[in-house]
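# Coordinate inspection notes
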Amino acid sequence: MAKALREIKEHLSMVDVVLETCDARILESSRNPELNHLIGVKPRILLLAKADLADPAVTDEWISLCRRKNLIAMACDTTRRGSLTALIKTITGLSQEKTDRAMARGRIFRPVRVMVTGIPNTGKSTLINTLCGRKLVQTADKPGVTKQLN
């Protein structure tokens, strides 16, 4: 975990939005509290992954609680691309200011840079594979399978 936190700190200045994944079934225990200190004011989305396996009423309560704490939270099934449409729109909206500034300076296209972070087995690799539309990173039902930065 210490190595991951060090790498997050190193690369944080290069990203527009931080996407923190957690398990919708066990929200609080599937988050690393150190991320709050590292991320600071960088735009962040808390993604309650595996929402299809969680109780919808409890998930809605968690989302409401997060919003009261001024944290953008969304629930989704990371295995289905169609359920990620709202997530993509939110990411685009949070990075719009940087994109507009780049366009004002004459840059025609500027990709949005997103850091996907979270503790092991919260759906990071599955999310990346679903967003890319292909198996880019290996997934498994055990921790420590994906160890490299992409």
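Everything below is about the structure shown above.
Residues numbered from 1 in each chain as written. Predicted model: local features only at pLDDT ≥ 70, side-chain atom pairs only at ≥ 80, totals over all residues. Heavy atoms only, no water.

## What to know about the nonpolar core
Rules: Among buried residues, the Ala, Val, Leu, Ile, Met, Phe, Trp, Tyr and Cys ones that are joined through side-chain atoms within 4.5 Å form a nonpolar core. Relative accessibility under 20% of the residue-type maximum defines a buried residue, over 50% an exposed one, and the middle range a partly exposed one, all with a 1.4 Å probe and only protein chains included. Numbering goes from the N terminus for both helices and strands, where a helix is a DSSP run of H or I of at least four residues and a strand is a run of E of at least two.
Core analysis: the largest hydrophobic core is formed by 11 residues, namely Cys22, Ala24, Leu27, Leu46, Leu48, Ala51, Ala54, Ile63, Cys66, Leu71 and Ala73. For this core, the secondary-structure elements that each account for two or more residues are β2 (44–49) and α3 (56–68).

## Description of the environment of aspartate 55
Stated precisely, the cut-off is as follows: A 3.5 Å cut-off defines polar contacts: any pair of N or O atoms within that distance qualifies, except that in protein one atom must be a possible hydrogen donor and the other a possible acceptor, and neighbouring residues in sequence count only when both atoms are side-chain atoms.
By secondary structure assignment, the location of aspartate 55 is in the loop between β2 and α3. By relative accessible area, aspartate 55 is classed as partly exposed at 44%. At a separation of 3.1 Å, a polar atom in the side chain of aspartate 55 contacts the main-chain amide nitrogen of alanine 57.

## What to know about the pairing of strand β4 (residues 114–117)
Note the cut-off: Being paired, for any two strands, means DSSP has found at least two bridges between them.
Only one face of β4 is covered, namely the face carrying Met115 and Thr117; the face carrying Val114 and Val116 is uncovered. When strand β1 (residues 17–23) meets β4, the two strands line up parallel, connected through 4 bridges. Residue pairing for β4: glutamate 20 is matched across the bridge by threonine 117.

## Topic: the sheet that holds β1
Selection criterion: Only the stretch in contact is used when a helix axis is fitted, and all axes are lines through C-alpha atoms; the angle between N-to-C directions ranges over 0 to 180 degrees.
Overall, parallel pairing links the 4 strands, which are arranged β3-β2-β1-β4 in an open sheet. The open sheet terminates on both sides in strands that have one partner only, identified here as β3 (72–75) and β4. Pairs of neighbouring strands in the sheet enclose a mean axial angle of 25 degrees, with direction left out of account.

## With respect to the side chain of lysine 42
What counts is decided by this rule: Any two residues whose heavy atoms approach within 4.5 Å are treated as being in contact.
Within the secondary structure, lysine 42 sits in the loop between α2 (34–39) and β2. Reaching out from lysine 42, the side chain makes a polar contact with the backbone oxygen of leucine 12 at a distance of 3.2 Å. Engagement of the side chain of lysine 42 in a polar contact is seen with the backbone oxygen of valine 15, the distance being 2.9 Å. Each residue touching lysine 42, except ones within four places of it in the same chain, is listed here: Leu12, Ser13, Val15, Asp16, Val18 and Lys98.

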